[in-house]
Each structure stands twice: as C-alpha cells, then as structure tokens.
Amino acid sequence: MGKLASPPARDLGVVTPLVPRDAEQGPLTAAQVTAYVVGAAVWAPSVHNTQPWWFAAEGTEIALYADAGRQLNVADPSGREMMISCGAALFTAKLALRSLGYSVESRVLPDPADPLLVARLRWRRRVAPAGFELRLFSQVTRRRTHRGGFEPQPLLPGLLEALRQGATRDGAALRVASDVGTMAALAAVVEMAERVQRSDSGYVRELAVWAPPPGSRRLDGVSPSSYPARPERTNPDFTSRDFARGHGWGLPASSPAAATRFTGVACLLTTPTDTPADWVNAGHALQRLLLTSASYGAAAALNSQPVEVGWLRDIIRVQLGDDSYPQLVLRLGTVIQSAISLRRPLSSVLAGAGREPTAPADSGH
Ligand SMILES: Cc1cc2nc3c(=O)[nH]c(=O)nc-3n(C[C@H](O)[C@H](O)[C@H](O)COP(=O)(O)O)c2cc1C
C-alpha cells in the first residue's frame with residue numbers, strides 16, 4: 001500500500017514536498033488520493049486568504065463547494081472573488097490528480113439547484129503526467145503572492161506568450177499593458193480604488209477581520225509574515241492593500257532603502273462575460289498563470305481593489321480594456337520571496353459526501 005506524505009497543513013517557511021512516498025509500492029486508496037489532492041488544493045491563492053472552500057469526498061469523486069460563510073460581504077457582495085478563489089483551488093486539485101498519473105473528468109458550475117457547488121472531479125484511468133504538469137505541480141507550495149517592487153531582471157523569454165495561451169485555454173484572457181500610458185492609467189485606477197476603500201468604514205472593518213495581528217494563531221487571513229512593513233514604491237506605483245492599517249506590522253525591507261525596485265509587467269486578467277462560470281474560469285486561469293510564472297522564476301503581485309469598486313471596474317473595462325470583464329489586475333516580475341503563507345488543516349475543509357467538515361472553526365473570524 002502506498003503512503004502519502006502528510007498534507008501540508010501549515011507552512012512555517014519550509015517547503016513541504018507534495019510527493020507521494022512509496023507510490024510505486026502499490027495503488028493508493030481513494031481516501032489517500034483525496035487527502036493528497038485536497039492537501040494540495042488548499043494552497044491555491046484566495047482573496048484575503050479567506051480559503052472560501054470545502055471539499056466532499058465520495059469514492060473516486062471529490063466535490064468542491066464555495067464556503068459562503070467566508071465570503072467578503074462588503075468587498076465581494078456577488079461572490080465573484082470567492083468563485084475566482086475556488087477556481088484556483090479547482091485547477092490545483094486537477095493538477096494534483098495529474099501528478100499522480102490519473103486522468104481527470106470535471107464538471108463545473110452552473111447547477112442552479114446548488115449554486116455553491118463549484119465542480120465535481122472524478123479520477124479514472126492512469127495516464128502518465130506530462131513534464132510541464134509536474135513542473136507546475138512542484139510550485140504549488142512554493143509559490144507566494146508578492147507585495148512590493150521587483151528586481152530589474154526581465155521576465156524570461158517566452159513566459160508572457162505561455163501565460164497568454166494558458167489563459168485562453170481556460171476561457172479567459174491575459175492583456176498586457178504594453179505602453180507606459182496604459183500602465184500609468186491602470187496604476188492610477190488602483191490608487192483611486194484604494195482611497196475609496198480606505199474611506200469606507202465597512203470595508204475597513206472587514207479588512208481588519210481578515211488581517212490578523214502578529215502572533216495570531218489563525219491559519220487563514222493575510223498575516224504580517226506575508227507583506228512588507230514599509231510598502232515599496234515603484235514608478236508607476238500600484239498601491240498595495242493596507243493590511244497593517246497603520247500598526248507598522250509586516251516583514252522588514254527585502255532590499256536596502258536606496259535600491260531601485262521596479263513595477264514589473266502590468267496585466268489584466270479578463271473574461272468575455274461575467275457569470276459565476278466565468279469567475280471559476282478566471283480562477284483556473286489565475287492559478288495556471290501563477291504556477292507557470294513560478295516555474296519560470298517569476299512572481300506575481302495582485303491588485304483586486306479596482307475590480308471591487310463598480311465604477312472603477314467599468315473604467316478599466318471600457319476605457320483601458322476591450323469591453324471584456326476585468327477580473328484582476330496583476331504585475332509580474334522577478335524577486336526573492338520571503339513571505340510565509342498559512343492554510344487551514346484538512347480536517348477543516350474535507351468532509352464526507354454532502355456533509356460540511358466537522359472540525360471546529362479555527363479562523364476565529
Ligand atoms: C481573487 C483574488 C484577489 C486577490 N487580491 C489581492 C489584492 O488585492 N492584494 C494582495 O496583496 N493580494 C491579493 N490576493 C492574494 C491573496 O491575498 C493571497 O492569495 C492569499 O493571502 C494567500 O497567500 P499566497 O497566495 O501567498 O499563498 C488575491 C487573491 C485572489 C485569489
């Protein structure tokens with residue numbers, strides 16, 4: 001019987017390998033495959049690290065549900081970003097199954113009778129994983145969201161084209177801000193959105209719930225171990241979210257004060273329409289993009305403030321885009337990462353068929 005490496009419930013800066021030990025000694029049980037797959041899927045990015053998902057297992061099938069209790073009711077009233085986050089978890093779960101050499105069948109939303117059911121996955125025959133699938137999978141626990149400027153090194157040749165093609169495969173599109181004017185305009189819209197949100201008390205209260213102080217025992221939310229104490233400004237500057245809210249929390253500067261840091265390549269992830277299925281597709285595309293970038297030695301910084309403010313999202317769509325729906329603003333570049341990211345354990349997210357997980361809530365939110 002093959003044994004699985006224990007799922008990476010908590011990463012304390014050490015990369016936990018997601019490699020099934022002794023897999024060659026025999027087939028894994030369905031329960032072992034499920035634990036392995038869900039243990040990987042939780043490493044997907046999610047808005048404010050809300051981890052708004054849970055998984056139900058039944059034999060060789062896993063259902064992925066959105067957890068509406070973790071939705072950002074102020075910043076994300078439609079659940080759009082919750083579904084993007086779940087789409088990213090879906091991509092990761094499928095990749096985990098492929099890394100084990102299983103072919104995957106998936107059925108994605110919509111199911112009007114069950115709007116929180118994001119997808120059902122089933123694994124079947126064995127088909128050896130391709131090299132690129134293993135390369136992407138090896139980045140699942142290593143990848144981190146970057147917050148700040150980038151090194152001067154350019155992206156490796158071929159990366160942007162690979163990212164564009166990947167987004168298209170998922171029914172989304174990656175649009176690169178290739179001229180200085182568009183990049184500056186996009187940065188201005190991000191800054192405006194950040195101002196609008198900082199002046200909204202409901203938004204600030206909600207951010208406080210998901211940005212715990214140093215020393216918190218929470219395994220969700222954006223911890224001070226994942227953002228710089230002093231935001232690094234670049235030109236143009238894409239204003240970061242104010243996770244520390246004036247408390248001075250965060251990581252010490254990663255480069256000397258005098259070092260010049262760069263904005264990187266600014267992009268928009270868009271979808272042709274704006275339905276829940278598009279949001280899941282956007283999340284699928286996002287995680288493909290993040291893991292592909294990581295496999296090329298690049299990192300991404302994400303800005304979703306302007307797509308959370310309706311009129312600013314419209315400006316991006318109509319004035320700066322091509323009428324398709326912006327789902328996320330992001331920047332790509334090279335950087336040495338020191339961020340630590342946390343996840344809830346399997347017992348909090350994995351249940352039997354149709355039942356929510358029974359572990360006590362560990363978020364304290
Ligand atoms: C839909 C979505 C929106 C996000 N928006 C932002 C953002 O505006 N600013 C930011 O710093 N990170 C943003 N993130 C990144 C999350 O904060 C990050 O994924 C989470 O904290 C977990 O950290 P990790 O990606 O390093 O594992 C976003 C992620 C998703 C999926």
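In case you missed it, the structure is sitting above this.
On a predicted model such as this, the values are computed, not experimentally measured, just so you know.

Draft legend 1. Expanded view of helix 6 (residues 201-210). For helix 6, the full list of buried residues reads Gly202, Tyr203, Glu206, Leu207 and Trp210. Down the axis of helix 6, the sector holding all buried residues measures 135 degrees, keeping them to one side. Structurally, helix 6 contributes buried residues whose contacts are with helix 5 (180-198) and helix 8 (305-308). For helix 6, the side-chain oxygen to backbone nitrogen distance between the N-cap and Gly202 is 2.9 Å, and the N-cap itself is Asp200.

Draft legend 2. The site of the ligand, seen in detail. In the vicinity of the ligand lie 23 residues, with Thr145, Arg147, Arg241, Ser304 and Arg343 positioned nearest. Within the backbone of Ser46, one N or O atom sits 3.2 Å away from an oxygen atom of the ligand. Surface burial for the ligand is 98%, taken as the share of its 620 Å² of free accessible area covered by protein chains. Mapped onto the shell around the ligand, the elements with two or more residues apiece are helix 2 (80-99) and strand 7 (299-303). Here the element with the most residues in the shell around the ligand is helix 2; it accounts for 3 residues. Split by residue class, the shell around the ligand holds 8 nonpolar, 9 polar and 6 charged. Both of domain 1 (23-144 + 342-352) and domain 2 (159-333) provide at least three residues apiece to the shell around the ligand.

Draft legend 3. The pattern of salt bridges, seen in detail. Summed over the entire model, instances satisfying the criterion amount to 18 salt bridges. Among the ionic pairs, Glu61 bridges to Arg120, the shortest N-O distance being 3.1 Å. Placement of Glu61 in strand 2 (residues 61-66) and of Arg120 in strand 4 (residues 117-126) is noted, with a sequence separation of 59 residues between them. The shortest N-O distance in the salt bridge between Arg124 and Glu105 comes to 3.3 Å. Of the two residues, Arg124 sits in strand 4 while Glu105 sits in strand 3 (residues 102-108), which places them 19 residues apart along the sequence. Note on Arg124: relative accessible area 46%, which makes it partly exposed. A network of salt bridges, in which partner residues are shared, links Asp67, Arg70, Arg218 and Asp220.

Conventions adopted
- Residues numbered from 1 in each chain as written.
- Predicted model: local features only at pLDDT ≥ 70, side-chain atom pairs only at ≥ 80, totals over all residues.
- Heavy atoms only, no water.
- Buried < 20%, exposed > 50% of the residue type's maximum accessible area, 1.4 Å probe, protein only.
- Helix = DSSP H or I, 4+ residues; strand = E, 2+ residues; numbered from the N terminus.
- Arc of directions from axis to C-beta.
- Contact = heavy atoms within 4.5 Å.
- Polar contact = N/O pair within 3.5 Å; in protein donor to acceptor, adjacent residues only side chain to side chain.
- Near = heavy atom within 4 Å.
- Areas by Shrake-Rupley, 256 points an atom, 1.4 Å probe, with all protein chains shown as cover.
- Nonpolar A, V, L, I, M, F, W, Y, C, P; charged D, E, K, R; others polar.
- Domains from an automatic or database assignment.
- Salt bridge = Lys/Arg side-chain N within 4 Å of Asp/Glu carboxyl O.

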